[in-house]
Amino acid sequence: MRQTLLFLCFSGIFLLPLFRAGASPPDSARVRQLRQLAQEQAHTNPDLSRATLAKALARARQTGDAAGERGVLNDLVDLNGRLNEQAAALRYLNAVQRLATRAQDTLELGRAYLYTAMLATEDVSRQVQFAELASQQFALLPRQPYWLLRAQSELATAYLAQKRLAAAKRVFRQAQQISQQLGEPGPEFRLLINWAKDLQAWEPDSARLLLDRARYLADAQLRTPYPRAYVRNVQAEQALKERRWPELVRLSAEAARLGRAARLPAVVALAQSNWAAGQRHLGQGAAAYDTLRKSFDAYEKLTAEDQRQEVARLQVRFDVERQQARIKALEQQRRVAGLRAERQRTRLYGLLGGLLAFGLLSLLLLLSRRRLQRSETQLREANQTKDQLMRIVGHDLRGPVASLQLLTPLLYEVLEQPERQSAHALVRTLDVGAQHLGGLIDNLFQWTRAQGGQLVNQPDRLRVADAVASIAALYAPAAELKHIHLHTTAPPDLLAWADMGLLTTVLRNLVGNALKFTPSGGEVTLQVAPAENGRVGFSVYDTGPGLPPERLHNLLTAERLESTPGTNGEPGTGLGLPLSARFVALMGGELHAETAAGGGARLWFSVPGLPPGPINATNV
């Protein structure tokens, strides 16, 4: 026992340099690490980001890191400003002002005054006071004209809020001179746009002239699609307020064209909305309806491409971070190997102590490598799940919601017209869109429950014909809209021993997929019949393009979610078939899929059956 304790003491002394080599970084570096971590957390968990910044602030104050403290305070100002927590943002700005005054940092103090003025919009006197202080500070810095321009622009807006029109115009002219002296069209363009918006309620004609000047800068000097489309959208908003409908239609059409060229979905959506509004007021209700309908396809294509680029960017970022982690691990292993070689060369503690230390070091390296491998696997799985959920929520759900939001206001206008055909088509489109959106949300909810292990199979006696009838009633409008013949066959007395919720979810996904990939004029058949060994078989046929053999495995599993648009561009999440396969497995069956001999797809499964007998009323 004493020999073992002696060996452990020797090994502890022998490993002391290793523990010193892994000591924590300097405090200033630790503050920077916490700030970087808080920035990554701000996009997903603002509360956790705020707690991380609080730790960084405490560390900076403990170590006397003034620069780090100001940086953390500015991060807290930005975070609370994005969360619309103005009181907290102003409190941190006051702390920044005190530090900048103590350090005699004119630029930092001026920025603190400017941000305070921008946040104090509800207190106009306070806004004017701090905008004037910011202008005074930046005037002392001849090499910071951009900050002086921002302060002058904020001061002009504050004067206008105080109804001091003459003072506001004077400050605006000074700011315009500064922007023109810079020799760049961008600052003057932004100044003209912001001032025209503020001046709209006071002098509409002057605002119109300023927007014409901004449009000239965008077309003749900037020459990029975004500012050209943006200024036309602002002019269209002014024309909408002044009820100049022909000009509204013309400007919105130009903005939509430029927005599509620049791949700016938000700009295109605003332009299309204003365009349709102008057409409605000109008595062109049908044309307004066509404008919105045509814009949906272009908007979906732009957002889909943006989502693919974002996923690719995240994948590249993940690969880079993973490679950096591997490099750090290799550097750590190289450093540990060097220390081990140095310890072996010394041989100060004897051969026995060296062997024990080597064994302990090998164990530590093995544990460290295993932890690194587990962390890498967990990080990869977490990133894959995050990418999938971002794609599903950000693309597949946003499109149907945007369609409903844009089509609903148009319904009021169409209903007031004597012609009811457009109204009927619009209502039918809204009904199908709502049912499709409900199916997407239900699949996402069921997928989340399945991932969390909350699904439980609760079978009971149920009449199969009732489940089939509910599915037929649910998808009859969608089938009628696509001119598809939906057939259902089920023996009226056939019973099954299954969970009603799981069974209807599977049938809903299979029939919905069949309608989605069947072209207009095709057929979809849901057939139920007795199967072998007393089971009940369910089959869904369609006359679509069929299922590619190389994708059958991915379609029925969740290893790689794939979303394929339907024949009419219907979006999907890629969760329907994997979710259905899991539900069928819970009910004691297996989902099969193949391309039928005559073309089209066939999916089938079976559940346990029952002889005729009493039926639970709750499952009918």
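Residues numbered from 1 in each chain as written. Predicted model: local features only at pLDDT ≥ 70, side-chain atom pairs only at ≥ 80, totals over all residues. Heavy atoms only, no water.

### Some words on the overall build of the chain
Let me state the cut-off plainly: Numbering of helices and strands runs from the N terminus; a helix is a DSSP stretch of H or I covering at least four residues, while a strand is a stretch of E covering at least two. To sort residues, take the accessible area from a 1.4 Å probe on protein chains only and compare it with the maximum for the residue type: under 20% means buried, over 50% means exposed, and anything in between is partly exposed. Residues count as neighbours in contact if any of their non-hydrogen atoms are within 4.5 Å of one another. Exposure was quantified through the Shrake-Rupley algorithm and a 1.4 Å probe, taking into account, for residues, occlusion by the shown protein chains and nothing else.
What the chain contains, in helices and strands, is 22 helices and seven strands. A total of 620 residues make up the chain; the buried ones form 40% of that total. Taking the contacts inside the chain whose residues are at least 6 apart along the sequence as the reference set, 67% of them involve residues at least 24 apart. Within the structure as shown, the chain displays about 33200 Å² of accessible surface, and the carbon and sulfur contribution to it stands at 54%.

### What to know about the environment of Leu165
Relative to the helices and strands, Leu165 is located in helix H9 (residues 165-181). Each residue touching Leu165, except ones within four places of it in the same chain, is listed here: Leu160, Leu199 and Glu203.

### As for the side chain of Gln235
To keep it simple, the criterion reads: As used in this structure description, the phrase polar contact means that two N or O atoms lie within 3.5 Å; if the pair is within protein, one of them must be able to donate a hydrogen and the other to accept it, and residues adjacent in sequence are counted only when both atoms belong to side chains.
Looking at where Gln235 falls in the secondary structure, it is placed in helix H12 (residues 225-241). Here the side chain of Gln235 touches Asp212 through a polar contact of 3.2 Å, side chain to side chain. In this view, Gln235 contacts Leu211, Asp212, Arg215 and Leu251; residues no more than four positions away in its chain are not counted.

### Side note on the packing of H12 against helix H14 (residues 265-281)
Applied cut-off: Angles shown run from 0 to 180 degrees and are taken between the N-to-C directions of axes, each axis being a line fitted to C-alpha atoms and, for helices, limited to the stretch in contact. By the definition adopted for this analysis, an angle is roughly parallel if under 35 degrees, roughly antiparallel if over 145, roughly perpendicular if from 65 to 115, and oblique otherwise. Take the far helix as the reference: if the near one is turned anticlockwise from it by less than a right angle, the crossing is left-handed, and if turned clockwise, right-handed. In this count, Pro and Cys sit with the nonpolar residues alongside Ala, Val, Leu, Ile, Met, Phe, Trp and Tyr, while Asp, Glu, Lys and Arg are called charged and the others, Gly among them, polar.
Running from amino to carboxyl end, H12 crosses H14 at an angle of 30°, the nearest separation of the two axes being 10 Å. Between H12 and H14, the interaxial angle falls into the category roughly parallel. For the crossing formed where H12 meets H14, the hand is left-handed. Listed contacts from H14 to Tyr226, Ala229, Asn233, Ala236, Glu237 and Leu240 of H12 are Val267, Leu270, Ala271 and Asn274. Looking at side-chain class alone, the contact of H12 with H14 contains seven nonpolar, two polar and one charged residues.

### Observations concerning unusual backbone geometry
Look at Gln104: it is not a glycine, yet its phi comes out positive at around 55°. Here Gln104 is to be found in the loop between helix H5 (86-103) and helix H6 (106-119). Its identity is not glycine, yet Lys163 carries a phi of approximately 65°, on the positive side.

### Here we look at the packing of aromatic side chains
Quick reminder of the rule: Each Phe, Tyr or Trp ring, with Trp reduced to its six-membered ring, pairs with another whose centre is within 6.5 Å; inter-plane angles below 30 degrees give stacked pairs, above 60 give edge-to-face pairs, and intermediate values give tilted ones. When the NZ atom of lysine or the CZ atom of arginine is within 6 Å of a ring's centre and also within 35 degrees of its normal, the charge is said to sit over that ring.
One pass over the structure, following the stated rule, counts five aromatic pairs. Pairing Tyr113 with Phe130 gives two aromatic rings, centres 5.9 Å apart and planes at 50°, and the pair type is tilted. Here the residue Tyr113 occupies a position in helix H6, and Phe130 occupies one in helix H7 (residues 124-139), the gap between them amounting to 17 residues. Each ring, one from Phe138 and one from Trp147, has its centre 5.7 Å from the other, and the planes form 25°; the classification is stacked. The residue whose ring lies beneath Arg91 is Tyr92, and the NZ or CZ to ring-centre distance is 5.2 Å.

### Some points on the packing of helix H11 (residues 204-222) against H12
Interaxial distance between H11 and H12 falls to 9 Å at its minimum, and their mutual angle equals 165°. On the basis of their axis angle, the class for H11 and H12 is roughly antiparallel. Both H11 and H12 take part in a crossing whose hand is left-handed. Contact with H11, carried on its side by Pro204, Ala207, Arg208, Leu211, Asp212, Ala214, Arg215, Ala218, Asp219 and Leu222, involves Pro227, Arg228, Val231, Arg232, Val234, Gln235 and Gln238 of H12 and no other residues of that element. Taken together, the residues that form the contact of H11 with H12 break down as nine nonpolar, two polar and six charged.

### What about the side chain of Lys482?
Here Lys482 shows up in the loop between helix H19 (464-481) and strand E2 (485-489). Within polar-contact distance, the side chain of Lys482 engages the backbone oxygen of Thr518 at 3.2 Å.

### Quick word on the pattern of salt bridges
To keep things clear, this is the line we draw: By definition here, a salt bridge exists when the distance from a side-chain nitrogen of Lys or Arg to a carboxyl oxygen of Asp or Glu is within 4 Å.
With the rule as written, the count across this model stands at 20 salt bridges. Glu254 serves as the salt-bridge partner of Arg232, at 2.8 Å between the closest nitrogen and oxygen. Here the residue Arg232 occupies a position in helix H12, and Glu254 occupies one in helix H13 (residues 245-261), the gap between them amounting to 22 residues. The salt bridge partner of Arg602 is Glu594, with a shortest N-O separation of 3.2 Å. A single network of salt bridges, built from pairs that share partners, joins Arg215, Asp219, Arg228, Arg232, Arg250 and Glu254.

### Some points on H5
Put simply, the rule reads: Any helix carries an expected span of 1.5 Å times its number of residues minus one.
Compared with the 26 Å implied by 1.5 Å per residue over 18 residues, the 25 Å span of H5 between its first and last C-alpha is a close match. When H5 is considered as a whole, its buried residues turn out to be Ala88, Ala89, Leu90, Tyr92, Leu93, Ala95, Val96, Gln97, Leu99 and Ala100. Residues of H5 that are buried in the fold lie against helix H4 (66-82), H6 and H7. Residue Gln104 follows H5 closely and has a positive phi angle near 55°.

### Some details on the confidence of the model for the chain
Counted only if it meets this: Every residue is assigned a pLDDT by the predictor, reflecting its confidence on a scale from 0 to 100.
Looking at the chain as a whole, its pLDDT mean stands at 77, while 72% of the residues score no less than 70. Note that pLDDT drops below 50 for residues 1-25; the model gives that stretch 23 contacts with residues more than four away or on any other chain.

### What about H14?
The terminal C-alpha atoms of H14, which comprises 17 residues, lie 25 Å apart, in line with the 24 Å expected from a rise of 1.5 Å per residue. Among all positions in H14, only Pro265, Val267, Val268, Ala271, Gln272, Asn274, Ala276, Ala277, Gly278 and Gln279 are buried. The positive-phi residue at the C-terminal boundary of H14 is Gly283, with phi of around 80°.

### Brief notes about the environment of Val536
Turning to its location among the elements, Val536 is positioned in strand E5 (residues 535-542). Through-space distance from the C-alpha of Val536 to that of Leu495 is 8.0 Å; in sequence the pair is 41 residues apart. With residues up to four places along the chain from it excluded, the contact list for Val536 reads Val464, Leu494, Leu495, Ala496, Val528, Ala529, Ala531, Phe605, Ser606, Val607 and Gly609.

### Focus: the environment of Leu73
With respect to the helices and strands, the residue Leu73 is situated in helix H4. Accessibility expressed as a relative area gives 0% for Leu73, which makes it buried. In contact with Leu73, other than residues within four places in its own chain, are Leu57, Arg61, Tyr92, Ala95, Val96 and Leu99.

### Notes on the pairing of strand E6 (residues 592-595)
Selection criterion: Two strands are counted as paired when DSSP detects at least two bridges linking them.
Of the pairings in the sheet, the one linking E6 to strand E7 (residues 601-610) comprises four bridges and is antiparallel in character. Within E7, the residue paired with His592 across the bridge is Trp604. If you look at the hairpin formed by E6 and E7, you'll find five residues sitting between the two strands, and Gly599 has a positive phi there, around 105°.

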